[in-house]
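# Architecture at a glance
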Amino acid sequence: METLEKKGKGSALFPFLLFIIIYLGAGLYFQFKDVEMAFYQFPSVTAMFLAVLLAFFQGKGTIDQKFAVFARGAANENVLTMLMIYILAGAFSTVASAMGGVDATVNMGLSIVPVHFLAAGVFVISAFMGTATGTSMGTISAIVPIAVGVADKAGLSLPLFLGACVGGAMFGDNLSMISDTTIAATRTQGCELRDKFKVNFWIALPAALITIVVLLIVGRPDAVAEMGDLSFNVIKVLPYVAVLVLALIGMNVFLVLTIGIFAAGIIGLALGDLSVPLFAQSIWDGFTSMNEVFFLSLFCGGMSEMIAHNGGIAWLIEKLGHMMKGNKSAQVGIAALVSLADCATANNTVAIIVSGPMAKDMSRIHKVDPRRSASLLDVFSCVLQGIIPWGAQLLTAASLTAVYGVAMSPMDILPHMWYCWILAVVGILSIFIPFADGICRKDPWNWEYDVAESGVAAKKAVLELERQEAAQTTI
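Residues numbered from 1 in each chain as written. Predicted model: local features only at pLDDT ≥ 70, side-chain atom pairs only at ≥ 80, totals over all residues. Heavy atoms only, no water.

This part takes up the overall build of the chain. Each helix and strand counted, the chain has 24 helices and two strands in total. Put simply, the chain has 475 residues, and 55% of those count as buried. Of the contacts made within the chain by residues no fewer than 6 positions apart, 78% connect residues no fewer than 24 positions apart. Carbon and sulfur atoms make up 67% of the accessible area of the chain, which amounts to about 20,000 Å² in all. (Helix = DSSP H or I, 4+ residues; strand = E, 2+ residues; numbered from the N terminus. Buried < 20%, exposed > 50% of the residue type's maximum accessible area, 1.4 Å probe, protein only. Contact = heavy atoms within 4.5 Å. Areas by Shrake-Rupley, 256 points an atom, 1.4 Å probe, with all protein chains shown as cover.)

Looking at soluble globular proteins, one finds that nonpolar side chains tend to be buried together. In terms of nonpolar packing, the biggest core is built from 136 residues, with Phe19, Met48, Tyr86, Phe161, Ile261, Ile413 and Tyr419 touching the most fellow members. Looking at which element gives the most residues to this core, the answer is helix 9 (residues 158–175), with eleven residues. Residues contacting Ile261, with those up to four places away along its chain left out, are Leu88, Ala91, Phe92, Val95, Phe279 and Ile283. (Core = buried A, V, L, I, M, F, W, Y, C linked by side-chain atoms within 4.5 Å.)

This structure, assessed with the given rule, holds twelve aromatic pairs. Judged by centre distance (5.2 Å) and plane angle (75 degrees), the ring pair of Tyr29 and Phe30 falls under edge-to-face. Residue Tyr29 is classed as partly exposed on the basis of its relative accessible area of 45%. Ring plane angle 80 degrees and centroid distance 5.7 Å describe the contact between Phe294 and Phe295, whose orientation is recorded as edge-to-face. A residue is classified by how much of its surface remains accessible, and Phe294, at 24% relative accessible area, is partly exposed. Here a set of aromatic residues connected by ring pairs shows up, and it is made of Phe56, Phe67 and Phe70. (Phe/Tyr/Trp six-rings, centres within 6.5 Å; stacked < 30°, edge-to-face > 60°.)

With that settled, consider the pattern of salt bridges. With the rule as written, the count across this model stands at eight salt bridges. Lys360 is paired through a salt bridge with Asp450; the nearest N and O atoms lie 3.4 Å apart. Taken together, the positions of Lys360 in helix 18 (residues 348–366) and Asp450 in the loop between strand 1 (445–446) and strand 2 (451–452) put the pair 90 residues apart, joining distant regions of the chain. We classify Asp450 as partly exposed; its relative accessible area is 24%. Salt-bridge contacts for Arg371 lead to Asp369; the nearest nitrogen and oxygen are separated by 2.6 Å. Residues Arg371 and Asp369 agree in their burial class; the two are buried. A single network of salt bridges, built from pairs that share partners, joins Lys360, Arg364 and Asp450. (Salt bridge = Lys/Arg side-chain N within 4 Å of Asp/Glu carboxyl O.)

If you check the backbone angles, Asp34 has positive phi at about 60 degrees while not being a glycine. Counting through the fold element by element, Asp34 comes out in the loop between helix 2 (14–32) and helix 3 (44–57). Look at Asp34 and you get exposed, because its relative accessible area is 69%.

Shown next, in the form of structure tokens:
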């Protein structure tokens, strides 16, 4: 493995540090200036582009040679797979929303939840919607206005309701099969979506159940709220359910998302919510809605390869290796790495993309199952993203209260982020008491072929086919 064979060189990490300094520095500057969404004023892609330029100034070789290294990283199979999944997930989310799936999902949830359990109900609805749509921001934008109105009518603490909504959204962001954090975590670690889900589920579920109990205790209303019109068409919820079920049974993720796109489109056309041109435009809008994470992943893939080529990853692993004495300390290190990256970037997807390659190298050295490392990356990036006051989730939730003439600060919501605080505790416990590692024990990782034991035969067949094709090409 190239990153492990090269001599470590700390200066090779300067491009990564430049990205952090620019992105974090700009965010703090605009925060000081009281600019709304301060950490999103300076685009992360622009900061990453400047970091890539610095990487080209480092190391020996011509520009052409350096670009060859960059292209090798950007064109990596995992990176390209991740990019394709991103745009398909964006298309599904946009088409499903355009045909009314979001409103139907929210209204269905509010219709089912008893009014006396509204705070816990908002958490459950947000969790379901976040898991189905794969976007915490979309979930927060859709449900917070409803949560504000319900809290006001029920005489409940508004920060409590906002915390329940954002917590549920982070549950979905962490666990969803089509979330960009899940996609980034699994592709950087080289494991299957469904396998990471099976590990992640047994961490997220206990945290969610404990959160529901807490919200049932502290969130009972003094009065019954009038919910208004909650009409919905259950057919519009089916595409979300289909995507979740098909992904869980192991269907190829490209096929799952394609089925979801056309299922939502066909339902929208049949019910008159979509026309053929609007359906086509929604697919395109979904593709372009992922442009930031698309370009960020592309640039980061190439830059990471250049940093590794120049010895940066080897240096970092060597330094971290002094603190990591075994499997469990390596897991703590991976959790800390992505947590720090999220604090600096205020974006959990960016944090995973940046720290993922390093986590992969650490997992190989200390034999941390990639399904486990992928889960740790996703869990702790979502924990931090849900509790940093400069993150988009809390900022958006606080800003949406202005519709009702209420001034709210992210710091007001922070103490009520029960799910994220509890998830952090459960995540740490899962490192030292491996209650979530059932699939890792049942189907252990084969480090020689870098797949689970159940996939070794298929991997051998692929390698043999590649060998035969290479032999024919040589002849």
